[in-house]
Every structure is written in structure tokens, then in C-alpha cells.
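# Chain and residue survey
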Amino acid sequence: MIIGSGAGGAPLAQTLVQAGHEVLMLEKGPLLRTQSQSPDGLSDFKRDELFATGAEKRLKVPGMANIGESFFSSHVEPDLNDEPHVYRDTDGRDRATIEGYTAQVVGGGTQLYGGVSLRFTPDDLRLATFNAGRTDLRDDPRGEVEREARDWPVSYDELEPFYSEAERIVGLNGTRSNQEKPASAEHYQPPLEPNPISKVVAAGMDALGMRRYRTPLAVITRDHAPSGRTVPADHETIKTAFVNRYGDALGLKSNTWVSILAPMASSLNFELRANCNVTHLESDGERVTKVHYRDPMGGRRVVEAGTVVVACSAIESVRLLLLSGAADLGGFGERIHSSGLLGRYFLTHCFGGASAIVPERADKSRTLDSDWATDHCARAEWVREQGLWAGGAIYNNTSDAALPISLARTWQAQDMDNIWKGYLGDTSIVGPGFEDYLDQNFGRRVSVSFMANQVAQPDNRIELHPTVRDKWGRAVAYVIKDWHSHDQALMDVLADQCGEILRRGGEGVQFSGQGSVGGQVSRIANHVLGGARFGTDPKDSVLDPDCRAWEFQNLYVADGAFMPTSGGANPTLTIQANSLRVGRALLGRL
Amino acid sequence: MAVPAVEIQKDDQYVLNHCTRFLARDSDDARHDFGQYEPGDPRARVCEAWRYPVIDTYFDGTSVQASYPFNAVTFIYDDRGAAATPQEVAVVGTFTELHEPVALHRVSFLGEPSGVWSVTVRVPKGQVHTYKLRVDGAWVIDPLNPQVVELDNGRSWSRFFTEGCQIPVTLNRRERELLGRLASHLLPFRLPENSRFIRGVYESLDRAARERQFPLAYRLDEEVGVVNYIDKVLARAERHHLDDYRSCLELIDELLRARYPGREPSMLPRDAIADLYREMATDRVAGWDAARYGSPRFFLLLLRRHAMTGAFVHPRHGGNSGTAGWAYLQDRYPFAWQTAIEAPLGESTDYRG
């Protein structure tokens, strides 16, 4: 029984199904098919800007400080009035947020993501060792960085074969040379021609001696045998800018549905039930025995559980375990809370970057999500030189602001809660001012981002909200988190590196600015990690090294919740590789 | 123009995909009422009731070009609240021969009735239709669809319109004319050189192109379908803003008539509108009756969001008429939108819309 069909749930499902085990997968969201899969030849995903960010709605959740405000969500993101995430803002007041949700659809977040599929570095998995005895860390007066750093219970070498396998079955394009992440096998498909606007990024990286590579992206550029997918004859038509925040009608973006689940959908030992929302787990002693869920129209149903894998994305997985514990305090509750750490050490990424306006306008509508990446700031010597505890990946974004409406609605809006606000607040964009705005920006904006480890802190946590309920009457997730002073130092350094790339990008590049999510507590880049970390010590972790809940025989968590540190790159590929690793461990036990 | 119904087969998965997120729930809270419903309207309890009936792309399995003039319209009835499970549900409307009901079918999950009934029919784009459901012989308006109209005979019917519809459904002529003036000044298309360009776009659409893209190129004006987009979004997804438009268009009409006696507000020069915008941006508009509408700035921002969207949205939503907005961008900048967009609107050979 696997709950969730995204990066955490799908890969291990494949391992189990191929080995002949019976697998039932429950997915809360709909099963939206590609043109070739759908009986009527049409996809439920459209190349339509209103699918990424739809109509305005109003927040009506009682008790929220942002009640009455506008919000905008995509067609596969939850409605905030039905299923809000609530976070505690810096003013101490609670606000509902669209941040922290991945997509609710078969394939999960991999349906809407930009597809950036970087590995973590070997050092990302051993940050306790890396930082042991250091006295040179910036802005860490209380020594928390070293104290809270944890090595993963698996090394890069142990995870590496699963990275390679994930890259093979998912279907990526990119280049390997110049990466700081050793690989035992090569499964990248060739990248497409970079968007011309990325020239300045390549030039800036070169000027700074940053060794660059084509960003690995989960989009196939050639026919992909493992999933049976084929590409259009003209490969360049794969680039449409309907990438990040759009599902792909053609199935070329390698989400877990098209790459992993659909190819085995007709297997007799695999069943996928879409539109089914698991409400809680029930246990008897050390075994989870039943999974309670709501069917597509809300009817209560129960299935007997053999082995249960929870993979609903970190916040929702933690919430499901908390709700199951609350329903059975002495049984499930006592076991799942044995370490007292469930929900704690919730993580996201230190995230930020820089942007500029280039002199030579490009057609950004013909692009994938990113062209160039560098591990320059992930190298151990660089990290030490900077007095930082960990490094991060840097890559440029090409699909942002590529289409006319997205240019406006993301104008000076750093997160999805602020969609449209920047553009609307700038009332000079009218008539001739509108034309100036387009002249200055359309096809000329380029940005470079970094993605880096956030310091693990026990008080950054997921709880059940004391009063807010979802449409089923269940307590919603309550996100309580803040940045460490070292996080801010790290983000300042990395934002400046991104800024340098653009400032060295060549003649005529107008630097716009640099910054990070530091100082904001809502923005989480939709990389939700931790909250049920794995480890070797049952007192210091929620999951054992195979991602099994310590006090249960048959309960596993396979999404990003297992991470004790958040890695210096986008997390999806690592979640997929770990899912394959957990699947392998399960084979030995079933 | 009544024609026999052409029923389209959609599987249960398709229908449930359009139901679960919006309809399934325990909560009775009216959390989806943003001011668009009368008190007590049960639609306030479900999410995005405006989605019903579902208006989707049609494909005949062979030709994207031949399929383009049609939509697939899916009627959905949820019997879970009924006192007794109905034995028969059908739909009758102006999209087919009257008195020829089209039966809805039970939608199953795991071989059991889900409570949902549905049927999908082919309806031409660009049309407005009224319909009713017949549930065990009793005629009812669609309990989900918020679009209800009262016909001349005083009876209420449910209404829907298909993609690219140019028939006004929300705003009256006077409102549309003033709105056209306001919107065109927000956008760059009224600048003389752009105005010529946009006119050229429409004039270059020959008869064949018009028929191919029917009915997406219609209005030869400088607001490139923005008014029509607003007319449609106020009927469906953002019906909660209808009162904003009604109140503010009336206020602005009165205010401009008072400022420029004897002149038609929709014919005023650019400076008159630009002055008004400057005042609205600061929320201090001379002569604005705040008792009738509190914040002119709020309305300006709403109008700007809708104008921006309507100018460059996919034409299925009623704006970007004849793709003039995209053509304008393409004329000025490298922007080869056609490669990604379905034929015959665009030139993608793979994507069907």
C-alpha cells in the first residue's frame, strides 16, 4: 500500500511491482492523462496560462490574518479554503498559504515542477563529519550548526547506484562533465540548444572560473525506452515555456506518472486509485493494519494493509502520521512519537538569486526551465573558504516570465501568495508606460538561482493546527519555522555569487538586483523536506536507515520527510533515488 | 439553431477528475462565497461551482482542424443529497432539439455508483445555451451551475456558453462601451502606431482565416477582446466581482459626464482617462461617491489585472481576440507563440489543445 504517487511513492512502486508484489497506490489528486494515453486523444493539461495560475479567489478561513485576501492556485493545487496550510508569521499571527503544497495529481509535484534534476554532493550527505570541530562558521554564536548537523545513515556511494537508476527510468537530459557529483553510469539524453538569453550566464560563469554544465532536466529529448515514450520529430518544438507550473499534455516532461507508473498501469499486480484521500492509519501493536480513506465522492472506505508506505510530500505525510497518532494516542500515537521528533527538523532550502536585463532580446517562449548550472559553490574548498557549513547548486532560470501573463503576475512577486501584487501595485504600467514595461522586460529578463542546505533546527516544525480544519473536518498542517543566522549569511554569500555571474555577463547587461528568502518565513520554494528524519539512533530520528518508522514493523515514509539535511540542490531526484533504495530494502522483507 | 445532440464518450475517470476536488467534502461551511451568491445558496459550500457544466476541448479522433469549431460539454449531476436515489437523469436544452432529452449516465468507482451522473455532448464554440435537468421526471435547474437566467416567460433556466464566445452575457452595451474605453487606455494598443497594427491584424484575416478560427476573431477594436474576456469572467470564475464592475462603471460614467458635460464618456480623449487613472491610483478621486464604492484604487487594480489577462490570454477565454495580443508581441519582439499552440490557432503539429 503506497499513499502518494509522486517522487517518493512511484519509484519504489515500480521496484515492488516488477518483483511481483501486489501494490495498491492511493492518490488524493486526479489522474490527468497525456494525449496519447487518453481515450479521447486529449490531455487534461493545457498550454494555457490560466492553468498555471487561475482565477482569483478569496481566503475565508476563520482566524487567519490574511482572511479576505486574494489567492490564486493552479488547477491541481488545493483550494486554500478547503485545505489550507497555515504558517505562523514573523508577527506571531497565523496566515494561510499556498506555499508548501506540491501538486495534488497523479505524479504529484513532478507534474508541475520545472524538472531540475540535480544530485546532492557526497558532502551534502555527511555534513556532521564535514563540520566537526570547525570554529570558522559565520554567524553561529551558539554552535548550533555543528551540533544539529547530521550525517545521513547512507553514504553517497551507497546511494549512487540508485541515482543512476533513477536517472535511467525517469528520463533526463543534461550533461555530466564539470559536475561535482560522481556517476557510475550515463543515462542523460542530449540537451536541446540553450535559449539565447542564457549566453550571459555562460559568459558570467566562465569569467568567474565556474565550471558549468547543462542543467539536468526531467524532460526527454529523445525516445525513451524505459517508459516507451517518443518525442516529436522536431526536437526543438519540445521547448515551449509551458514547463514550470504546467503539466505536459504530450508527456515529455518526465513526471512519475508518464515515466514510471503509466508503463506498468496494466500490470495485474498494480492498482492505482486516483481521487482517493487517505484520512488516517490504524495500527495494532507494531503493525499498521488498516488505511482509512475517502473515495472520489467522499465515501468512507477502509483497506487492509500489508506494508504501508507514506509518500504524500513532507508536510502532508507528517500531518497524516500526526492525525493517525491523535486518533489513537496510546497505540499509534505512542509509537510514532517514540522519539518525540515527528514533525521536527522540518526543512526547506536556502534559496535566492539575482536577476538582470540583457541587451539582446530572446524568444523566451522557446525554452525549458534552465540551461546552465554550476557546482562551483558546492566544492568543499569553496565552502570552507567562505566559512559556510554547506554549499549549493547555482543554475539559471529560463522559463520564468517567458509568457506575457506570467511576466505580469510574477512581477516583483517572490512567492505564490504574492502573485499579481507587484504588477498591480505599480500603477505606472498603463498606456505608454505599459509599452515601456514590455520593451524593458519582455524577452530580456534573466535570472540565476541558488539552492542550498538550510540549517536543521528542532523548533522548525510541522504541527496540527489547533483550530483550523480542512473540508473533512481534519486538523490542517501548521508550519512553524524560521531561519538561522547562519542561513542568512549563507544566502547572502550565494546571492552575491549569483549576482556576480550576471555582473560579469558581458557588455550591456543591466543588473537588476539580488536577494533571498531570508527574512521571510512563508516562502519555501515548494521544497518541503524533513519532519520525519532517518538515522541510526531511534532517539534521534523518526525513521530507521531504511525509512521504516522505528516502532513499527510495516510503516515506511518515502518522500522528502526522511531528510535530516536538505541538500544543496533541488530535491526531487534524491527523493526518487532514495525511493528506489527503500524499495530494494522492502524486497528483502516482503 | 437546434441540431441533434452528438454525444461524446468520456470515461468515468475523466468525470471524477472534474468532481472530487470541487464537490467531495463533509464541510457545510460557505467558504466559497466571495459575494457572488445569495445567502443560503448551497453552491457556496462547493469549490468553484462555476466549472459546471465542464467546457473542454473537442477532438474527433482524426482532425484537429475539423474538431476546432466545437467544444465537449459535460453535464454533471450529483445525487448524493437527494432523498431517494434517482432512476433517471437527463438534460434538455437549446443545444439540441427541444423535447429530445439526453440521458445522463451513472459514474462508477470500483464498480459501484459514485453518486455522480454525467453526459458529454458536442456543442459549437462561441454559443450561449440554456438548459434544464430532468430528475425522475421533475424539471430542475442545474444545482451546481451558478449561471441562472430568467427568460421572457419568467421561468428560470441554467445557462452556459462555449469557448471564444463573443455574445455578451453579463454587461450591457453602455457598460461595455465605457469599459472598452477604460481598458484600451490601460493597454498599449491605443497608441497610434499600435492601433494601426491591430487594425491590420484584423483586416489581414481573410474570410478563410475567419472561418478557420471561427469564432475567435470578431471585434475590430483596440481592446483586443478585453471587454469580452471581462464579460465572460464575470459570468463564471470571478462572478464575485460583478458588483465591483457594475458599481464602478456607473460611478465613473456619472463622474466623467459631470467633468465633461455634453460629452460621451466612451469617446473622451486619452488625457481624461489618464487623469482619472492617476486619481484612482491614489484612492482620491474628485467627485467619487465613496458611500457607493469604497476604493477606486481597488477597482483600478482589478481592471488592470483583467485587462492584462484579457489581452494576452488563450482566446478560448474570450480575450486576445483573433490572437491580436500575441500578434502585437510577435510584431515587436521575438515571440514565436505559434509553435506551442494548437492548430488552427497556432501551428503545433503535436499539441491538440
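On a predicted model such as this, the values are computed, not experimentally measured, just so you know.

### A short note on the packing of helix H9 (residues 270-282) of chain B against helix H10 (residues 296-312) of chain B
All names here are of chain B. Relative orientation of the contacting elements H9 and H10 amounts to 115 degrees, with a least axis distance of 6 Å. The hand of the H9/H10 crossing is left-handed. Contacts between H9 and H10 involve Tyr277, Met280 and Ala281 from the first element and Pro296, Arg297, Phe299, Leu300 and Leu303 from the second. Counted by class, the contact of H9 with H10 contains 7 nonpolar, no polar and 1 charged residues.

### A closer look at the interface of chain A and chain B
Bring the parts together and some accessible area is lost; that lost area is often taken as the interface size. Each partner contributes to the interface: chain A provides 77 residues, whereas chain B provides 76 residues. Summed over both sides, the interface of chain A with chain B buries roughly 6500 Å², with 56% coming from carbon and sulfur. The largest per-residue losses of area from chain A upon contact with chain B belong to A:Arg47, A:Met297 and A:Lys471, which jointly make up 11% of the total buried on that side. Seen at the junction of chain A and chain B, the total is 10 salt bridges. Linking chain A with chain B are 45 residue pairs in polar contact (both at pLDDT 80 or more), by the criterion used here. At 5 residues, helix H13 (residues 432-441) of chain A tops the list of elements feeding residues into the side of chain A that touches chain B. Taken together, the residues that form the side of chain A that touches chain B break down as 36 nonpolar, 14 polar and 27 charged.

### Digging into the sheet that holds strand S22 (residues 555-557) of chain A
Whether parallel or antiparallel, the strands of a sheet pair through hydrogen bonds between backbone atoms. Residues and elements named next belong to chain A. Here we have 5 strands laid out as an open sheet, ordered S8-S2-S1-S12-S22, and parallel in their pairing. Sheet topology places strand S8 (270-273) and S22 at the edges, where each strand pairs with a single neighbour. As judged from the 2 bridges shared by strand S1 (residues 2-3) and strand S12 (residues 308-310), these two strands associate in the parallel manner. Paired with Ile2 across the two strands is Val309, which belongs to S12. Against the sheet, helix H8 (residues 314-327) engages S1, S12 and S22, with an angle of about 130 degrees to S12.

### Comments concerning the nonpolar core
In summary, soluble globular proteins display a tendency toward joint burial of nonpolar side chains. In terms of nonpolar packing, the biggest core is built from 170 residues, with A:Leu261, A:Leu281, A:Val291, A:Val308 and A:Leu555 touching the most fellow members. The biggest single contributor to this core is helix H14 (residues 485-503) of chain A, with 8 residues. The contact partners of A:Leu555, leaving out residues within four places of it in the chain, are A:Leu281, A:Val288, A:Val308, A:Val310, A:Leu321, A:Phe332, A:Ile336, A:Cys547, A:Arg548 and A:Ala549. In this structure, B:Leu234, B:Ala272, B:Phe299 and B:Leu302 belong to the second largest nonpolar core, which totals 97 residues.

### So, the pairing of strand S8 (residues 128-135) of chain B
Residues and elements named next belong to chain B. Taken across its 8 residues, S8 has 6 buried, putting it largely inside the fold. Bridge count for strand S4 (residues 89-93) against S8 is 5 bridges, and the pairing is antiparallel. Residue pairing across strands places Ala90 opposite Arg134, the latter belonging to S8. Relative to strand S11 (residues 156-161), S8 is paired through 4 bridges, and the arrangement is antiparallel. Paired with His129 across the two strands is Phe160, which belongs to S11. Looking at chain direction, S8 and strand S9 (residues 138-140) are connected through 3 bridges and run antiparallel. Paired with Arg134 across the two strands is Trp139, which belongs to S9.

### A few points about the domain arrangement of chain B
Residues and elements named next belong to chain B. The assigned domain composition of chain B is domain 1 (6-161) and domain 2 (173-339). Each side of the interface is counted separately: domain 1 has 17 residues, and domain 2 has 12 residues. Of all residues in domain 1, Trp50, Tyr68 and Phe161 bury the most surface against domain 2, accounting for 42% of the area lost on that side. Linking domain 1 with domain 2 are 2 residue pairs in polar contact (both at pLDDT 80 or more). Counting only elements with at least two residues in the side of domain 1 that touches domain 2, the list comes to strand S2 (54-57) and S11.

The rules behind the values
- Residues numbered from 1 in each chain as written.
- Chains lettered and ligands numbered in written order.
- Predicted model: local features only at pLDDT ≥ 70, side-chain atom pairs only at ≥ 80, totals over all residues.
- Heavy atoms only, no water.
- Axes fitted to C-alpha atoms, helices over the stretch in contact; angles between N-to-C directions.
- Helix = DSSP H or I, 4+ residues; strand = E, 2+ residues; numbered from the N terminus.
- Left-handed = near helix turned anticlockwise from the far one by under 90°.
- Contact = heavy atoms within 4.5 Å.
- Nonpolar A, V, L, I, M, F, W, Y, C, P; charged D, E, K, R; others polar.
- Buried area = accessible area lost by both parts, 1.4 Å probe.
- Salt bridge = Lys/Arg side-chain N within 4 Å of Asp/Glu carboxyl O.
- Polar contact = N/O pair within 3.5 Å; in protein donor to acceptor, adjacent residues only side chain to side chain.
- Pairing = 2+ DSSP bridges.
- Core = buried A, V, L, I, M, F, W, Y, C linked by side-chain atoms within 4.5 Å.
- Buried < 20%, exposed > 50% of the residue type's maximum accessible area, 1.4 Å probe, protein only.
- Domains from an automatic or database assignment.

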